[in-house]
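# Coordinate analysis (summary)
Below are the chains, spelled out letter by letter.
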Amino acid sequence: MTTRQIRLTVNGQERTVEVEPRWLLADVLRERLGLTGTHLGCEHGVCGACTVLLDGRPVRSCLLLAVQADGHAVTTVEGLAQDGALSPVQEGFRQEHGLQCGFCTPGFLITATYLLEQNPQPTREEIREALSGNLCRCTGYQNIVNAVEWAARKLAEQNSAKP
Amino acid sequence: MKRFRGSVDKPGLWPRKGGRLSGRGACRFATQVEYIGQRRTRVEDARLVQGQGRYVSDVAWPGQLVMAVVRSTHAHARIRAIDGSEALRSRGVFGVYTARDLGGLNRPMPMGIVDTSFEPALQTPLAADKVRYVGEPVAVVLAEDRYLAEDAVEKVRVDYEPLEPVIDLDEAAADRVLIHEARGSNVLGGFEHTVGAGEAALATADLVVEEVLRIGRVSGQPMEPRGVVARYDAEQGVLEVYLGTQSAHGAKGHLVAMLGLPPEKVRVIAPDVGGGFGVKMGAYPEDILAAYLALTLGRPVKWAGDRLEEFLATNQEREALHRVKLGVQRDGRIVALVDRFLQDCGAYTPMGSLIAHTTAINLAGAYRVPNLYVSYQLVATNKVPVGPYRGAGRPQGHFVIERMLDRAADRLGLSRIEIRRRNLIPPEAMPYDTGLVLRTGDPIAYDTGNFPEGFESLVAALEPRLEERRRAAGRQGRWVGLGVANYVEISAAGGFEGAIVEARPDGTFLVFTGAAAQGQGHRTTLAQVVAERLGVPFESVTVVEGDTALIARGVGTFSSRTMVMAGNAASQAATAMRQELLAAAAKELEVAVEDLEWEAGRIRVRGVPASALTVGEVVQRLLQSQERVRTEAYFSAKGATYGFGSHGVIVEVDPATGGVSLRDYVMVHDGGQVINPLLADGQIIGAAVQGIGTALYEEIRYDPQGQPLNTTYLDYLLPGSAEMPEFELIHQRYAATNNPEGFKGLGEAGIIPSMAVVLSAVEDALAAGGVPAFFAATPVTPEAIFAAMNQGGVSHEAASV
Amino acid sequence: MKPPAFEYYCPETLDEALGLLAQYGAEAKVLAGGQSLMPMLNMRLSHPGVVIDINRLPDLNRVTVEGTSLQVGALVRHAELEHSALAATHCPILPAAERLVAHLAIRQRGTVVGSLVHADPAAELPLVWLTLGGELEVRSTRGSRTIAPEAFYLGYFMTDLAPDELAVAVRFERPAAGHGWAIEEFARRSGDFALCAAAAVVEWDAARGVVQGVRLGLGGVGGAPVRLDQAVAPLVGAVPEAELVREVARGVGQYLDPPDDLHASRAFRLHLAEVLSERALRAAVRRAQAKEVQGA
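Let me begin by describing the structure that accompanies this report. The structure presented is a predicted model; accordingly, all values stated were derived computationally and were not measured.

### Observations regarding helix α4 (residues 146-153) of chain B
Structural remark: α-helix, 3.6 residues per turn; residues separated by three or four positions point the same way. Residue and element names in this part refer to chain B. The buried fraction of α4 is high, at eight of eight residues. Buried within α4 are the following residues: Arg 146, Tyr 147, Leu 148, Ala 149, Glu 150, Asp 151, Ala 152 and Val 153. Near the N-terminus of α4, the side chain that reaches the backbone nitrogen of Tyr 147, with its oxygen 2.8 Å away, is that of Asp 145.

This is the structure in structure tokens:
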């Protein structure tokens, strides 16, 4: 078995790890880097629970070899809160009861974070469409849409408060 | 259109506490705070949204071995031989184990419920000489990691002698091929119930409608697959098992029984559990095997099941075949309902007759059914074993009565709304004895509620929109229809739950309970109950759940039971704690308890503000002479709680493609005394979406050889965000009478009528387009609608493109 | 569900990549976006001895206009084509088709060329490529060649690509300015593979008020997408009255041979093919006529 040394920037921190090429990024994050917030729900790219940001874009970490992330930046759910404060998307999920069991939640948070970067004022339909690649079995989605709307309002307030 | 997102948007329909409570209400204790009924965000969430949850698959111990399972590739076969030698030589492999290696362990696993009504067919941890479904475990591999373990699984050679499989229910019941030869029949049990004159009463009906209804097989599919991590603590002599389960105490019982350990030497911890929906219950082979191997080898053993295994080896549900007759009078009133049904058990009966029995007692729904006859048979087939999935028979029973009412209305020329009006149980009939009985033997007597009021509020919300929707959609060549259905959620029947309240010297409180959550938010709701009954700030109460070491007895979270059982237990333990602290304070302050008042965490002598103690100080005094300050209570509700509800949905059908869009979905629900409306609404909406899945998207399919055809999320379609509607909720609140707090179960409410209501609405839409249709089976796919269009004799020319 | 062991190569030059393909041939799988390959590996439906990751090859990530074509390099992601201004201008059907491809996160990683080469018969991009026309540029140590879509698709997940060849770019023929286009599909849920999909391109003769040229393609109706030149022939030079369009659409079935499978019967697929053909043709005509009105 050959292994490779890879270097990633994970949530802003440089991490070096020796991995077998077949290891999925999700497994390396979870088992080698201790970041268990990224969840494996289906391992065939459909459920979206393992979604992380790779260089700022949402990708399935179950469909990416860790060696492919060598030299790239990865943001996981653990990297969303800043200085101990929940991000607006995280806070929105809490406020609007956008999660129940919490297992799918990290993938939704990552996807919603990207959505609001691209489209700060999405309609409910746009939110539903953007999140259609993330499956949730608990909430029925309505409160998740509410949560993203909450976050969009919060971000708009924050932006208008800025000088 | 105004969109209601939750109860707060519609305050008029949330009566203030005590406002419309009937029965024994919730306000028996005067306290300063009102946490019960308060819309609160969850204490669980800050961790979960930061990725700090700890699920079973997150648990890792140094030196752990990872288990992977070799599963049967045949639906029905004899095992001639298993050769694990090549697997054993595979890199990183520690061991390969077959039934032979397990010795006495490999005996039938216990049933997940107590059920002595028939002789069950129970699975052994590993198949020894015969496999009965694709996915049945035949061997396990232990290796250093999951990658290496899966490498080895591919190298285990199993020599099968294929046998003819039995997939179809009628065929199985004919016993041409036997699945459990020793039983002599695939029919493992048969039951019947009669209410009133039963089938004989059909003779007096003006019209008898007959249908064969088929409910599809579905899979619960929590987003977290099942998993277990076991380790043996040799120093303490304790086997510690982290398990994704709805019932830590139940699982402990199974481990104790299988492993022969004393109960105090087994600790089961349900950490964060990523959804349950009924499927994370009962004894599963992997749980027993991981625990056994950890115990035997002295090394931690982890099995994190994957999605494929969730399809191949986790209990499934619903599949049943009903032959039904409904007798009605010309005015639509029900005379008698007769249902003979076959309940698919799959290859084994891990949860006994539970689902079939629950189906039977739900047949009357929210209606007066003076005469009823039901008989049902438990039928083995070569498919994944059947166990509860949210609703566990409730949706099936309601599906039968609601579909038959639609059928009868159509035949009588009555509207589907009107026939329901004429049969709903009126409030003056409460309490209403249905003549059916719970598994506990208690009569099923609906205690409180106003069914017509609820149903009319639904009709009033939806009927005016129907024409508007029809006009708008007609311009695009779409057909629009309305479906309505009613239900009664029979929940929290049987068993008990406990709660321990422990006071700490800093004035805060811990609450321990066996009923752990899988997303329901018990740490929040139970804290609301305890804080209110104690009269302390919500923030000072911390609920700890799901650890058998912290509370010796418990049952678990299923059947919408936790708020009724654990909620009342927590209430009683909190009340006892309050009394204990007041008594201690009275002693300390040298006054009578009656002279004390309790406010904002302080206990003081009435009229003497200076003479006061904080709660923490009282606890500190008590701890000078006792080890702990604890109260505990165990609550068992008599009978069940009965929560009424109505669903209505307006759908739009594209007659050219068979595509269905859900437009307006309104739900009425009586949750009794609701603890936290935010969370209650979340339960109801989430359940409704699962029901819509069963109605439109989900079905586990098998080919004639018993090979499952859809075992990925590409082929088995879960409802997605883009297709699900916005729900509007209308609340009723009639407190339950069988528990002091007036709580009613509500976790399964949303799923009960959603199957029936969606089918009804699609038919109504087709009828509006001139295509008479009756859907007797779930799910209603575009293909099924296409078939109905063809059968209805409508050429596709009529369907505008 | 973890990939089996394989040798992993991550070449940094095209020559290196082609050398590896020449050496390992059918034993190797090319990993680009990985949105189809990785699930197959995780489910162990594929056991390649060698995986050649082409993500670090230079110069393959561009969308350019090359003569009468829009060229898309082998590492252009779906999301990049979806948002490409060049594509919107020259082949507006492509961004529209991209919006129907799977979901947000899948489109960030999956590649356009990867989708073409994977050859799922229900996928949108092979259908659009076939409908627009064009060619795939493939390289090997033996040289380079181009393959037209008609010759490329051989059946379910089967193509004319040789084991040692690498697809480096695809060219989509740019329809004439002012053309009308449409892609219509029926999928169970947003982002699912379509049960059936139809793509249409209409070139409009504004002077005479007739259809000058028309192309119709169907996906999800067999082992490969199908272009229905014969079926749509009556529209050429004709005024596209609703009745004529309908008649043409009703006639597509005779050219199709869809399967019965888990998701739809043959009969239902044939029916959908007619419905979606009509919708796509009508929408394409409408767009072409609207452009005339706008003077585009």
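Once you've had a look at it, read on.
### With respect to helix α10 (residues 394-412) of chain B
Residues and elements named next belong to chain B. Relative to the 27 Å expected for 19 residues at 1.5 Å per residue, α10 spans 27 Å between its end C-alpha atoms, a close match to the ideal helical length. With 15 of 19 residues buried, α10 lies mostly within the body of the structure. One or two residues past the end of α10 sits Gly 413, with phi positive at roughly 75°.

### A look at the interface of chain A and chain C
Contact residues are listed per partner, giving 32 residues for chain A and 29 residues for chain C. In terms of surface lost to chain C, no three residues of chain A exceed Arg22(A), Leu63(A) and Gln68(A), which account for 25% of the buried area on that side. Between Arg57(A) and Glu80(C) there is a salt bridge, with its nearest N and O atoms 3.7 Å apart. Taken together, chain A and chain C are joined by 12 residue pairs in polar contact (both at pLDDT 80 or more). Mapped onto the side of chain A that touches chain C, the elements with two or more residues apiece are β3 (51-54), β4 (57-60), α3 (105-118) and α4 (124-130) of chain A.

### Structural notes on the sheet that holds strand β29 (residues 659-670) of chain B
Residues and elements named next belong to chain B. One open sheet accounts for four strands, arranged β20-β28-β29-β30; its pairing is mixed. Looking at strand neighbours, the two that pair on one side only are β20 (479-491) and β30 (727-732), the edges of this open sheet. On average, each strand axis in the sheet is tilted by 20° relative to the strand beside it, whichever way the strands run. In terms of strand pairing, β20 meets strand β28 (residues 641-654) through 13 bridges, oriented antiparallel. Opposite Val 480, over in β28, you have Glu 652 as the bridge partner.

### Overview of the packing of helix α2 (residues 88-95) of chain A against helix α5 (residues 142-161) of chain A
All names here are of chain A. Contact pair α2 / α5: the axes reach a minimum separation of 8 Å and the direction vectors enclose 135°. With respect to α5, the element α2 is oriented oblique. When the axes of α2 and α5 are compared, the crossing they make is right-handed. Of the residues in α5, those touching α2 at Pro 88, Val 89, Glu 91, Gly 92, Phe 93 and Gln 95 are Ile 144, Ala 147, Val 148, Trp 150, Ala 151, Lys 154, Leu 155 and Gln 158. Tallied by class, residues from the contact of α2 with α5 come to nine nonpolar, three polar and two charged.

Rules and cut-offs
- Residues numbered from 1 in each chain as written.
- Chains lettered and ligands numbered in written order.
- Predicted model: local features only at pLDDT ≥ 70, side-chain atom pairs only at ≥ 80, totals over all residues.
- Heavy atoms only, no water.
- Buried < 20%, exposed > 50% of the residue type's maximum accessible area, 1.4 Å probe, protein only.
- Helix = DSSP H or I, 4+ residues; strand = E, 2+ residues; numbered from the N terminus.
- Polar contact = N/O pair within 3.5 Å; in protein donor to acceptor, adjacent residues only side chain to side chain.
- Expected span 1.5 Å × (residues − 1).
- Contact = heavy atoms within 4.5 Å.
- Buried area = accessible area lost by both parts, 1.4 Å probe.
- Salt bridge = Lys/Arg side-chain N within 4 Å of Asp/Glu carboxyl O.
- Pairing = 2+ DSSP bridges.
- Axes fitted to C-alpha atoms, helices over the stretch in contact; angles between N-to-C directions.
- Parallel < 35°, antiparallel > 145°, perpendicular 65-115°, else oblique.
- Left-handed = near helix turned anticlockwise from the far one by under 90°.
- Nonpolar A, V, L, I, M, F, W, Y, C, P; charged D, E, K, R; others polar.

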